[in-house]
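Below are the chains, spelled out letter by letter.
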Amino acid sequence: MSPLPHDDLGDRWRAARPAAAGVHLDSASCGRQSEAVLDAVARHARHEAEIGGYVAQGAADGLLQQGRSVLAGLVGMAAADVAFTESATSAVRTLLSAWRLPAGSRVAVLPGEYWHNVAAIEAAGCVPVLLPADDLGRADVEGVARLLRTDPPALVHLTLVASHRGVVQPGREVAALCRAAGVPLVLDVAQALGHVDCDLGADAAYGTSRKWLAGPRGVGFLVVRPSVTARLTPVTDPGRYDDGGAGVDHARWYESGEGHVAGRVGLTLALGEHLAAGPDRVRERLSALGRATRERLDGRGGWRVAEPLEEPTAITTLTAPDGVDVRGVSARLRTELGVLTTAPGRERAPRELTGPVLRVSPHLDATLDQLDALATALAP
C-alpha cells in the first residue's frame, strides 16, 4: 500500500493545533483551526471591544488586503477581484442576484450539482440545464464543447470538487472552452481551495474558509474578474463615498458591512499557513491520503468506494452494503470510537445519489494507523 509523502507537514499541522478529541476524518465539513488562527480571531474580537468595531476593522485593513492577495493568487486573479462574504452560500447568492440575468436565462450545471447551488440559480430566475457527464459525474469535455458550440447557456457553473463525491472536474479544459465560446465560467471551489489546484482561468470563483483552508466558520469569499463586475449591480451604493467610490476595489462593492471581520483575520492567518506549508506539497499529501484511504476501505465489510483509486483528492465516499444504516454507522463511529465522519444524504445531489454515503476526508495530520483502525471498524 502507498506510503504518505511529506510527513513533516503532518507533524507540523498536528503540532500547530489543539489536540483532537478523537480521530478527525471530516475536513470536508470543517477543518481544524490552528492555535495561531484561534488566537488571531480572539485578539481581533477583543480589539473591537477595546477601541470600537470599525476602528479595529480599519486597523486590520492592511492584513485583510494581504488575505485578499493570497486568495486571488490561488484562483489566478488579483486582490482587487476579492470580496469577503459570510459563506460560499452567501457568495453565490450575492453573485447571481447582482448579475440580474434575464428571467429564464439558462445556467449549465453538472448532474451532481449541490442542491443549494441549484436553488440559488433558480431563485435568481434562471433555469439550470445539464452539462454532459460520465458515470462518475465528471464533465464530458467533448460533450461540453458541443453544448457550448450548438446551444450556449448564459453561463456555466462548475463545482470543482463536489461534497458528495471526491472527483475533480476538468476545470482548466472547461475554462478554455468557455473562454473560446464567450460564455462566463463560475467555479464553486468550496471543497477545492487548499485541496486541489484552483488557478484554472475561471471568470469568477467562490468558496469558504472552514474546510481545507482550516479557517474560521462564518467567512467565505467571492472572486470576480472586472469583466464580470462590469455586468453586476453593486450591493453597496458608491454614492455614500465622497469620491463616489472611485478609490474602492471593484469587488469590494459586494462585501457586507456587517461581516465577521475577526473571522476574516483568521482566514488570512490560515492562508498564510497554507502558503508556508507549500500548496503543491499540501496537494501531494492530501492526494496520497485519499489513495491510502481508498486502498484500505474499498471492499471492507461490503463497503464500496465511489472514486477511482488514484483520484487526486482526500475525499473518499463509500456506499453501504444492503440494509446498512449509513447515518447510524457514522454516529456509531463518532460515539463509540471517536472517529468523525459525515453521511451526506441523497438530497445533497439527488441526480447522482440514491441514498446516504459515508464520507471520509482526512487532513494533513491523519495517519495510516487511523485509516487502518477505520477499516477494521467497518469490517463485520
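Located above this text is the structure these notes cover.
Residues numbered from 1 in each chain as written. Predicted model: local features only at pLDDT ≥ 70, side-chain atom pairs only at ≥ 80, totals over all residues. Heavy atoms only, no water.

Observations concerning the overall build of the chain
Then, number 1: For the chain, the count of helices and strands is 13 helices and 12 strands.
Then, number 2: For 380 residues, the compact-globule estimate of 2.2 N^0.38 gives 21 Å, and the chain sits close to it at 21 Å.
Then, number 3: The principal-axis extent of the C-alpha atoms belonging to the chain is close to 70 × 60 × 30 Å.
Then, number 4: The buried share among the 380 residues of the chain stands at 52%.
Then, number 5: Relative to all contacts within the chain whose residues are 6 or more apart in sequence, the contacts with residues 24 or more apart total 67%. (Helix = DSSP H or I, 4+ residues; strand = E, 2+ residues; numbered from the N terminus. Rg over C-alpha atoms; globule rule 2.2 N^0.38 Å. Buried < 20%, exposed > 50% of the residue type's maximum accessible area, 1.4 Å probe, protein only. Contact = heavy atoms within 4.5 Å.)

Considerations on unusual backbone geometry
Then, number 1: Positioned with a positive phi, H6 is a non-glycine residue whose angle comes to about 55°.
Then, number 2: By the element assignment, H6 lies in the segment before α1 (7-15).
Then, number 3: The backbone phi angle of R100 is positive, close to 50°, even though this residue is not glycine.
Then, number 4: Counting through the fold element by element, R100 comes out in the loop between α5 (88-99) and β3 (106-109).
Then, number 5: By relative accessible area, R100 is classed as exposed at 60%.

What to know about a negative patch on the surface
Then, number 1: Taken together, the side chains of D134, D135, D140 and E142 define an acidic patch exposed on the protein surface.
Then, number 2: Mapping D134 onto the fold places it in the loop between β4 (127-130) and α7 (141-150).
Then, number 3: Judged by its relative accessible area of 39%, D134 is partly exposed. (Patch = residues over 30% accessible without salt bridge, like charges linked within 9 Å, V, L, I, M, F, W, Y side chains within 5 Å. Areas by Shrake-Rupley, 256 points an atom, 1.4 Å probe, with all protein chains shown as cover. Salt bridge = Lys/Arg side-chain N within 4 Å of Asp/Glu carboxyl O. Lys, Arg positive; Asp, Glu negative; His and termini not counted. Charge placed at Lys NZ, Arg CZ, Asp CG, Glu CD.)

Looking at the pairing of strand β10 (residues 316-319)
Then, number 1: Sheet topology note: the strand β9 (residues 304-305)/β10 ladder contains two bridges and is antiparallel. Looking across to β10, one finds that R304 is bridged to T319.
Then, number 2: Judged from the three bridges that link them, β10 and strand β12 (residues 358-360) form a sheet pairing that is antiparallel. Paired with L318 across the strands is L358, a residue of β12. (Pairing = 2+ DSSP bridges.)

A short note on the packing of aromatic side chains
Then, number 1: Applying the stated criterion across every chain yields a total of one aromatic pair.
Then, number 2: For the ring pair Y114 and W115, a centre distance of 6.1 Å and an interplane angle of 65° mean the geometry is edge-to-face.
Then, number 3: Residue W115 is classed as partly exposed on the basis of its relative accessible area of 42%.
Then, number 4: Positioned above the aromatic ring of W13 is the side chain of R17, whose terminal nitrogen or guanidinium carbon lies 3.5 Å from the ring centre. (Phe/Tyr/Trp six-rings, centres within 6.5 Å; stacked < 30°, edge-to-face > 60°. Lys NZ or Arg CZ within 6 Å of the ring centre and 35° of its normal.)

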